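Single-letter residue listing:
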Amino acid sequence: EAPGTEQELTDGFHLVIDALKLNGINTIYNVPGIPITDLGRMAQAAGIRVISFRHEQNAGYAAGIAGFLTKKPGVCLTVSAPGFLNGLTALAHATTNCYPMILISGSSEREIVDLQQGDYEEMDQLAIAKPLCKAAYRVLHAQDIGIGLARAIRAAVSGRPGGVYLDLPAKLFGQVMNADAGQKSLVKVIDAAPSQIPSPASVKRALDVLKSAKRPLIILGKGAAYAQADEEIKSFVEKSGVPFLPMSMAKGLLPDTHPQCAGAARSTVLKESDVVLLIGARLNWLLSHGKGKSWGEAPKKFIQIDIEPREMDSNVEIVAPVVGDIGSVVSAFNQALASGWTTPPTEWTNAVSTKREENVAKMAPKLMNNKSPMDYHGALGVLKNVIKEYPDAILVNEGANTLDLARGVIDMYKPRKRLDVGTWGVMGIGMGQAIAAALETGNPVLAVEGDSAFGFSGMEVETICRYNLPICVVIFNNDGIYRGTDVNSANSDPATTVFVKGARYDKMMEAFGGVGVNATSPDELKRAVNEAIKSGKPTLINAVIDPAAGSESGRIGNLNPQSVLQKK
Ligand code: OXT
Ligand code: ADP
Ligand code: MG
């Protein structure tokens, strides 16, 4: 540079934006405020899609599920202390569910925070985030923004995916440096999630065990959905001839109507199987830790495919651990199968089909009832047909009865189309996940929500209207949590589980310019949902459900602690 000419400068704001863009991150889920308002504005001006929510938790759930859907880290941007804490629940949720996500929060002056002198929104955010996520970093110098973001991306998506916290103090954004040097400091992450090839010995061991089975079972988890190895998985399942049981977010990896699907024979296959192959599913509470009553008396052998070596033997012995990424492992399985494979005994596969057909037949008449007010099955029978007709629509689902019954009733046909409460069974994912699903895929979204569940993120219906998203929210309104019938006999306060009776959630949508419908019968519900999907307009349907129809905690009432002193 000639002496006297002005140097081209860049600053922290622009370096963050350039680093995101360089790494193909095109969407930010955020709530603006000091010190990140201008960052959001500038990102938008630079062509990044900046989606502003009403609460950081919902922005965070959106980012997490965006990560699940795309295999790229979903980014959530928040202000300091309270905004950061609001986003942190979603970051912990992403980590628990193995979704890649980066929570970027602005933070206060280090010098003041560290001396605890009471800065605006003072909090030692890095220390607080650390135990709740996979990795946490802070960047103090503009020239380290590139490397900081690179570390965050790699940590989020490599190995077992998870949540990463990136702390950006307010002062960083205003730091300036030479523009050329700034560009050179950015890092484009190469091969952020390298494939992890399984050892040939582990593949052989696994297939030998599977071959020896009389009553084999494959369990597909959401790790298998995340892996986007859909064709490999499908051909392995079909070639092997082994019945498969999808965990809730793995539904649709192969259609629930597939002849090998054992979803409708769940308790039978868990009890009776002798060899179980887990593909991207953990033996956590959702699988009763791989032992006890639901797994029956007969001895079991477990084979497990997972990218995380420490997952093996977490609950029970894994006789054939296969550590690697699901795409690589299943393709190695397929290669081995190509040189010869004997499908499982037909006594077993026939027994599974018979049980499944029995259960499906038992449910069928319940789905056709035309009661008003509706019961769960009457309403869900309608929604089952909607997804059958629009298999590309994404189903978001939360609640207790609303969740558990919808999971069983609504068949899924395509991978990653069912998004729900995940490993924690958390309420509040609804609107955030619906918004991200619509934005990331462009597909219509059907959000099936308990009235309580919806309340955790209901204000985001304004966001849905503001961005004019093709989301149809159906609220199963039974006047409360599990049921709307509890009575408090001690005083005039309402019982703890009930809400205002006859509430009209549809009016909330109308308040922001969306379509609101009150549906009291399956016919009305059907008409309203079909209209919503056809029009693509933001719609909220208040589906009136009999307040007495649900049961305590849905299908997991057994998890409520019981005392011998309690008479129930
Ligand atoms: O084989 P068997 O005979 O056993 O039969 C099984 C299948 O074979 C069969 N089946 C079928 N039959 C016929 N046809 C088909 N197609 C078919 N498919 C399956 O059906 C049975 C059951 O099958 P399923 O579902 O596969 O098996 P099962 O045994 O249920 O599986 C076990 C589990 C554990 C894997 C499964 O139950 C599961 O995934 N459960 C998840 C449960 C969960 O996560 N629940 C959410 C949390 S509940 C509670 O915590 C709530 N809270 C507290 C709270 C939370 N969560 N979060 C926060 C931040 N704060 C507070 C609250 C506040 S829920 C809640 C709100 C609730 O109220 P709402 O108003 O929202 O909702 P309503 O209840 O509707 O009022
Ligand atoms: P579910 O709730 O559906 O049973 P979990 O969340 O318990 O599923 O399990 C998902 C598992 O998948 C985790 O143990 C995670 O390490 C694993 N996983 C995620 N992505 C991959 C991948 N690409 N390859 C292999 N394993 C993966
Ligand atoms: Mg309810």
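Look up: the structure comes first, before these words.
Being a predicted model, the structure only gives us computed values, none of them experimental.

Chemist: Would you explain the site of ligand 1 in this entry?
Modeler: Not every one of the 34 residues close to ligand 1 is listed here, only the nearest: Ser267, Tyr376, Thr402, Arg407 and Asp451. Contact distances for ligand 1 include 2.8 Å between a nitrogen atom and a backbone N or O atom of Gly425. Look at ligand 1: alone it shows 1,400 Å² of surface, and the protein chains cover 79% of it. Secondary structure elements with two or more residues in the shell around ligand 1: α13 (266-272), α15 (346-363), α17 (401-409) and α19 (451-455). Sort the elements by how many residues they give to the shell around ligand 1 and α17 lands first, with six residues. When the residues that make up the shell around ligand 1 are grouped by side-chain class, the tally is 17 nonpolar, twelve polar and five charged.

Chemist: Explanation requested: the side chain of Ser273 in the structure shown.
Modeler: With respect to the helices, strands and loops of the structure, Ser273 is situated in the loop between α13 and β11 (275-279). Of the polar contacts made by the side chain of Ser273, one reaches the backbone oxygen of Val269; its length is 2.8 Å. Beyond its immediate chain neighbours, meaning those up to four positions away, Ser273 contacts Arg215, Leu217, Lys300 and Trp348.

Chemist: Is there a simple way to think about the packing of aromatic side chains in this case?
Modeler: For any pair of aromatic rings, the description consists of the separation of the ring centres together with the inter-plane angle of the planes. Overall, the coordinates contain nine aromatic pairs when judged by the stated rule. Among the aromatic residues, ring-to-ring pairing joins Phe68, Tyr99 and Tyr226 into one connected group. In this arrangement the basic side chain of Lys71 is found over the ring face of Tyr226, its NZ or CZ atom lying 5.7 Å from the centre.

Chemist: Explain helix α10 (residues 200-211) here, please?
Modeler: Each α-helix winds once per 3.6 residues, and so residues spaced three or four apart point in a common direction. With twelve residues, α10 should reach 16 Å at 1.5 Å per residue; the first-to-last C-alpha distance of 16 Å fits that figure. For α10, every residue scored as buried is listed here: Ser202, Val203, Ala206, Leu207, Val209 and Leu210. Take α10 and look down its axis: the buried residues cluster within an arc of 160 degrees, on one side only. Relative to its buried face, α10 has exposed residues pointing more than 90 degrees away, namely Pro200 and Lys204. The inward-facing, buried residues of α10 abut β9 (216-220), α12 (230-240), β11, β12 (301-306), β13 (320-323) and α14 (326-338).

Chemist: I'm lost on the packing of helix α3 (residues 56-70) against helix α18 (residues 430-441) in this one. Help?
Modeler: A pair of packed helices is characterised by two quantities: the angle between their axes and the separation of those axes. Two numbers describe how α3 lies on α18: the axes approach to 7 Å, and their chain directions differ by 45 degrees. As judged from the angle between their axes, α3 and α18 are oblique. Two packed elements cross with a definite hand, and for α3 against α18 that hand is right-handed. Contacts between α3 and α18 pair Asn58, Tyr61, Ala62, Ile65, Ala66, Leu69 and Thr70 from the former with Gly432, Gln433, Ala436, Ala437, Glu440 and Thr441 from the latter.

Chemist: It is not clear to me how the environment of Gly47 should be interpreted in this structure. Could you clarify?
Modeler: With respect to the helices and strands, Gly47 occurs in the loop between α2 (37-45) and β3 (49-52). Looking at Gly47, the relative accessible area reads 60%, which means it is exposed. Sequence spacing of Gly47 and Ile17 is 30 residues, and the spatial spacing of their C-alpha atoms is 9.7 Å.

Chemist: Whenever I open this one, the coordination of the magnesium ion (ligand 3) confuses me. Can you help?
Modeler: Around the magnesium ion (ligand 3), the protein supplies Asp451 (OD), Asn478 (OD1) and Gly480 (O) as donor atoms, at distances of 2.0 to 2.1 Å. Of note, the donors binding the magnesium ion (ligand 3) are all from one chain and are spaced D-x26-N-x1-G. Given the relative accessible area of 2%, Asn478 is considered buried.

Chemist: Help me understand the site of ligand 2, please; the structure alone is not making it clear to me.
Modeler: Inspection of the region around ligand 2 gives 18 residues, with Arg160, Lys222, Arg282, Asp306 and Ile326 positioned closest. Separating an oxygen atom of ligand 2 from a backbone N or O atom of Lys222 is a distance of 2.7 Å. In this structure, an oxygen atom belonging to ligand 2 sits 2.5 Å away from a side-chain N or O atom of Asp306. Contact with the protein chains covers 96% of the free accessible surface of ligand 2, which is 580 Å². Sort the elements by how many residues they give to the shell around ligand 2 and helix α11 (residues 222-226) lands first, with three residues. Per-class residue counts for the shell around ligand 2 are seven nonpolar, six polar and five charged.

Definitions and limits used
Residues numbered from 1 in each chain as written. Chains lettered and ligands numbered in written order. Predicted model: local features only at pLDDT ≥ 70, side-chain atom pairs only at ≥ 80, totals over all residues. Heavy atoms only, no water. Near = heavy atom within 4 Å. Polar contact = N/O pair within 3.5 Å; in protein donor to acceptor, adjacent residues only side chain to side chain. Areas by Shrake-Rupley, 256 points an atom, 1.4 Å probe, with all protein chains shown as cover. Helix = DSSP H or I, 4+ residues; strand = E, 2+ residues; numbered from the N terminus. Nonpolar A, V, L, I, M, F, W, Y, C, P; charged D, E, K, R; others polar. Contact = heavy atoms within 4.5 Å. Phe/Tyr/Trp six-rings, centres within 6.5 Å; stacked < 30°, edge-to-face > 60°. Lys NZ or Arg CZ within 6 Å of the ring centre and 35° of its normal. Expected span 1.5 Å × (residues − 1). Buried < 20%, exposed > 50% of the residue type's maximum accessible area, 1.4 Å probe, protein only. Arc of directions from axis to C-beta. Axes fitted to C-alpha atoms, helices over the stretch in contact; angles between N-to-C directions. Parallel < 35°, antiparallel > 145°, perpendicular 65-115°, else oblique. Left-handed = near helix turned anticlockwise from the far one by under 90°. Donors = N, O, S within 2.8 Å, 3.2 Å for Na, K, Ca; no water.

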